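A structural walkthrough
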Amino acid sequence: MTGPTHKAYSVTFAFITAMLFYKLGVTEINYYFALIILLMSSKHGAKFPDVDHHWKNVGDKTVPNKIINTIIRATGGKHRSWQTHSWDICLVFTIASYQIPRALYNTGKISNVNKEVMNIILLGFASGWISHMISDMLTSAGVQVLCFSKKKIALVPKSIGKLRFNTGNEWEAFNYKTIKIINIILGLTCLIYPYILQGKLSWLKDWLIQLF
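Treat the numbers as computed from the prediction; the structure is a model and nothing was measured.

**A closer look at the layout of surface pockets**
By volume, the largest pocket amounts to about 320 Å³. Along its surface, the largest pocket is lined by 17 residues, and Lys47, Phe48, Asp50, Gly59 and Asp60 are the ones closest to its centre. Mapped onto the lining of the largest pocket, the elements with two or more residues apiece are helix H1 (3–24) and helix H2 (31–47). Its residues placed into classes, the lining of the largest pocket shows five nonpolar, eight polar and four charged. Size it by volume and the second largest pocket reaches roughly 220 Å³. In terms of lining residues, the second largest pocket is bounded by 13 residues, among which Thr17, Leu20, Phe21, Thr94 and Leu123 are the most central. Those elements that place two or more of their residues in the lining of the second largest pocket are H1, helix H5 (87–106) and helix H6 (112–137).

**A look at the packing of H5 against H6**
The contact between H5 and H6 brings their axes to 8 Å, and the two run at 175°. In terms of axis orientation, H5 runs roughly antiparallel to H6.

**Overview of the pattern of salt bridges**
The full count for this structure, using the stated rule, is two salt bridges. For Arg80, the salt bridge goes to Asp136, with nearest N and O atoms at 3.0 Å. Placement of the pair is Arg80 in the loop between helix H3 (63–74) and helix H4 (82–85) and Asp136 in helix H6, with a sequence separation of 56 residues. As far as burial versus exposure is concerned, Arg80 and Asp136 are alike and both buried. In this structure, Glu116 engages Lys115 in a salt bridge whose closest nitrogen and oxygen atoms are separated by 2.8 Å.

Parameters and conventions
- Residues numbered from 1 in each chain as written.
- Predicted model: local features only at pLDDT ≥ 70, side-chain atom pairs only at ≥ 80, totals over all residues.
- Heavy atoms only, no water.
- 1 Å grid on protein atoms, 1.4 Å probe; cavity = no way out; pocket = protein on both sides within 12 Å on 5 of 7 lines; lining within 4 Å.
- Points joined across faces, edges and corners; volume = space filled by probe spheres on them.
- Helix = DSSP H or I, 4+ residues; strand = E, 2+ residues; numbered from the N terminus.
- Nonpolar A, V, L, I, M, F, W, Y, C, P; charged D, E, K, R; others polar.
- Axes fitted to C-alpha atoms, helices over the stretch in contact; angles between N-to-C directions.
- Parallel < 35°, antiparallel > 145°, perpendicular 65-115°, else oblique.
- Salt bridge = Lys/Arg side-chain N within 4 Å of Asp/Glu carboxyl O.
- Buried < 20%, exposed > 50% of the residue type's maximum accessible area, 1.4 Å probe, protein only.

The analysis is restricted to geometry; functional conclusions fall outside its scope.
As structure tokens, this is what we get:
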């Protein structure tokens with residue numbers, strides 16, 4: 001998938017992550033404040049895996065991206081290689097994003113507020129990375145399951161008739177349009193989610209039942 005599609009998927013996963021945070025009580029930070037942070041960090045997480053492109057093709061030519069790109073290339077990496085496009089690496093980062101802030105807080109290295117904000121930023125980044133992996137699995141190239149294995153997994157075939165499931169064609173255009181519609185619905189749901197769980201919108205449910 002291309003950059004705009006990955007960004008759209010990152011928004012989807014930020015909305016889902018925000019609702020999960022609230023449902024599971026992951027953070028004490030205000031729900032809407034956490035949502036804003038998640039949207040921003042998820043976008044960067046979704047862009048991160050493609051830092052493995054050749055440097056001239058990397059969109060954000062920042063110093064951190066240059067360092068990461070150099071390390072990836074020095075270890076034999078190329079686009080969609082194990083360093084950024086394998087599920088085990090992604091999931092290890094996700095687990096670490098949850099555990100590290102708590103470990104730092106428990107050992108007195110950071111305050112509770114810093115732990116909460118750090119958790120949101122890192123898990124938001126992780127959600128964006130996961131969104132990138134899943135959207136790339138919706139292309140025929142797929143992504144690696146394990147960093148030490150070349151086995152890749154894709155959720156679509158190479159083609160069905162004249163329709164090809166690679167990056168940048170009509171299949172991606174369909175994906176992009178679909179995910180934008182999903183984001184509108186999911187975004188509206190996300191905005192009222194706390195009120196839904198608190199039962200403050202029961203009148204809306206009754207109104208919809210009467211309407212339909």
